[in-house]
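Each chain is listed here by its residues.
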Amino acid sequence: MIEATVIIVGGGPAGSTCARELKKNGIDALIIDQNEFPRTKLCAGWITPKVLADLELAPQDYPHSLLVYHKILFSFKKIPLPLPTRQYSIRRFEFDAFLLKRAGVPVHKHRAKDIRRENNKYIIDDEYKCTYLVGAGGTHCPVRRALFSEIHPRDPRLCIATVEEEFAWECKDFRCRLWFFENNLPGYSWYVPKQKGYLNVGIGGKLDSLKKRGRTINHYWSLFTEKLSRKNFTNGHNFNPRGHIYYLRGKTENTSRENAFLTGDAAGLATRDMGEGIGPAVESGKLAAKAIISNTPYSLKNVTQWSAPQILKSGFKEDK
Ligand SMILES: Cc1cc2nc3c(=O)[nH]c(=O)nc-3n(C[C@H](O)[C@H](O)[C@H](O)COP(=O)(O)OP(=O)(O)OC[C@H]3O[C@@H](n4cnc5c(N)ncnc54)[C@H](O)[C@@H]3O)c2cc1C
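Residues numbered from 1 in each chain as written. Predicted model: local features only at pLDDT ≥ 70, side-chain atom pairs only at ≥ 80, totals over all residues.

**Q** Could you give an account of the sheet that holds strand 13 (residues 198-206), naming the residues involved and the relevant values?
**A** On the basis of which strands lie adjacent, the open sheet formed by eight strands has the order 3-5-4-11-12-13-10-14 and mixed pairing. Pairing within the sheet leaves two strands with one partner each, and these edge strands are strand 3 (46-47) and strand 14 (242-247). Relative to strand 11 (residues 176-180), strand 4 (residues 66-76) runs parallel, the two being bridged by five bridges. Residue pairing across strands places Leu-73 opposite Arg-177, the latter belonging to strand 11. (Pairing = 2+ DSSP bridges. Helix = DSSP H or I, 4+ residues; strand = E, 2+ residues; numbered from the N terminus.)

**Q** Please provide a residue-by-residue account of the site of the ligand, values included.
**A** Taken together, 42 residues are adjacent to the ligand, and Gly-10, Gly-12, Gly-138, Gly-264 and Gly-277 come closest. Only helix 1 (13-24), strand 2 (29-33), strand 3, strand 10 (159-168), strand 14, helix 7 (264-267) and helix 8 (278-294) provide two or more residues apiece to the shell around the ligand. Tallied by class, residues from the shell around the ligand come to 18 nonpolar, 17 polar and seven charged. (Near = placed C-beta within 6 Å. Nonpolar A, V, L, I, M, F, W, Y, C, P; charged D, E, K, R; others polar.)

**Q** I'd love a proper account of helix 1, names of residues and values included.
**A** Residues separated by three or four positions in an α-helix point in the same direction, a consequence of the helix having 3.6 residues per turn. Over its twelve residues, helix 1 extends 16 Å from the first C-alpha to the last, a length consistent with the 16 Å expected when each residue adds 1.5 Å. Judged by how many residues are buried, helix 1 sits mostly within the fold: ten of twelve residues are covered. Among the residues of helix 1, Pro-13, Ala-14, Gly-15, Ser-16, Thr-17, Cys-18, Ala-19, Arg-20, Glu-21 and Leu-22 are the ones counted as buried. Packed against the buried residues of helix 1 are strand 1 (2-9), strand 2, helix 3 (92-103), strand 9 (128-135), helix 7 and helix 8. A positive phi of about 75° marks Gly-26, the residue just after helix 1. (Expected span 1.5 Å × (residues − 1). Buried ≥ 20, exposed ≤ 12 C-beta atoms within 10 Å, placed from the backbone. Contact = placed C-beta atoms within 7 Å.)

**Q** With reference to specific residues and values, describe the pairing of strand 1.
**A** Regular strands have side chains that alternate between both faces of the sheet. Sheet analysis places strand 1 next to strand 9, joined by seven bridges and oriented parallel. Residue pairing in the sheet places Ile-8 in a bridge with Val-134 of strand 9. With four bridges connecting them, strand 1 and strand 2 associate as parallel partners. What sits directly across from Val-6, in strand 2, is Ala-29.

**Q** A description of the environment of Arg-249 should follow, citing residues and the corresponding values.
**A** On the secondary structure map, Arg-249 appears in the loop between strand 14 and strand 15 (256-257). The buried category is assigned to Arg-249, around which 21 C-beta atoms lie within 10 Å. Between the C-alpha atoms of Arg-249 and Leu-158, which are 91 residues apart in sequence, the distance is 7.2 Å. Once residues within four sequence positions are removed from consideration, Arg-249 is found in contact with Gly-268, Leu-269, Ala-270, Thr-271, Arg-272 and Gln-305.

**Q** So what's going on with the packing of helix 1 against helix 3? Residues and values would help.
**A** Relative to each other, helix 1 and helix 3 sit at 20°, their axes nearing to 8 Å. The angle between the axes of helix 1 and helix 3 places the two elements in the roughly parallel class. Crossing hand, helix 1 versus helix 3: left-handed. In contact with Pro-13, Ser-16, Ala-19, Arg-20 and Lys-23 of helix 1, helix 3 contributes Asp-96, Leu-99, Leu-100, Arg-102 and Ala-103. (Axes fitted to C-alpha atoms, helices over the stretch in contact; angles between N-to-C directions. Parallel < 35°, antiparallel > 145°, perpendicular 65-115°, else oblique. Left-handed = near helix turned anticlockwise from the far one by under 90°.)

**Q** Let's hear about the packing of helix 1 against helix 8: which residues, and what values?
**A** Put simply, helix 1 and helix 8 touch, their axes get as near as 7 Å, and they point 35° apart. In this structure, helix 1 crosses over helix 8, and the sense of that crossing is right-handed. Here helix 1 contributes Pro-13, Ala-14, Gly-15, Thr-17, Cys-18, Glu-21 and Leu-22 to the contact with helix 8, which in turn contributes Ile-278, Ala-281, Val-282, Ser-284, Gly-285, Lys-286, Ala-288, Ala-289, Ile-292 and Ile-293.

**Q** I'd love a proper account of unusual backbone geometry, names of residues and values included.
**A** Here the amide bond leading from Phe-37 into Pro-38 is cis, since omega sits at 0°, within 30 degrees of zero. For Pro-38, the position within the fold is in the loop between strand 2 and strand 3. Residues other than glycine seldom take positive phi values, yet Lys-78 does so here, at roughly 75°. In this structure, Lys-78 sits in the loop between strand 4 and strand 5 (79-90). Although it is not a glycine, Asn-254 sits at a positive phi angle of roughly 60°. Note on placement: Asn-254 falls in the loop between strand 14 and strand 15. What makes Asn-254 partly exposed here is the crowd of 13 C-beta atoms within 10 Å.

Encoded structure:
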């Protein structure tokens, strides 16, 4: 049996941030992830300056693709609203592997399935044992499934269905575009160029609203990709997209019990307006580490709930 004081299930931004904080404070932590890093994570890869600040990462110190946007071209029901701001795009393939390595803790490739509590310890698949357990396994986190599904049930109205693709592409237009509510989509679609020859395009909408409209997210994806071609953004590209679901922020009570904690998408923390989840994952990873280090209660109530203020605030700063 492999034993550590803290085991973190999931090496995404929530897990790696938690691990880094624990390591800084001399607490022995181990991450298990079902994937070898770098791994693909479906995500547009847009981050706010606050995310970098929370990660204590200066943009110039990040060694991979990082594109700065000085404006986001919003469109609401086809009404354009260009907003000055300072935002970034990264590639999750690079970003998550960088953060995980930087955390400096051992990472084991293992798919956690069975989790139980026995004699004040958590046992994972009869192979791992720990005193503290952090659920950072995203939407389908096994810690959530084993220990929290009853006390922190998910609200189906907060479920977001997404389809996206990130691919090598020499963009001619490096401006970030977000189209809200087009064709009656209960959400938005995006065009997020990256540095060094990549592009991410995708679409996301509330699943229950899609069902009420009798539509699937794939229907809107088809309309979206037709539009991208029409506008000459992705001409000639043969799309091969993938889908994923995750949850917007709901209630944050009961996200810890005994010595177990839920973070990031496992806790359902993406912002209510934009579905931004990297920032809340980082914030919650830090809070879980703090609760373990100082033996204080774990509360997610102050984790960022809305993205719009961050976007507006950094635009204001950018203008100065
Ligand atoms: C299409 C799409 C676009 C998005 N765009 C943005 C965006 O532009 N900006 C933004 O801020 N947010 C965005 N989000 C949300 C963001 O991706 C998530 O909120 C964020 O990744 C959550 O981080 P996390 O660390 O909680 O989980 P994840 O990043 O999902 O990491 C979880 C890790 O757990 C591992 N894992 C899962 N199950 C197991 C298991 N059983 N055993 C071991 N390991 C396991 C996985 O392999 C994974 O590495 C988007 C989401 C989607 C789906």
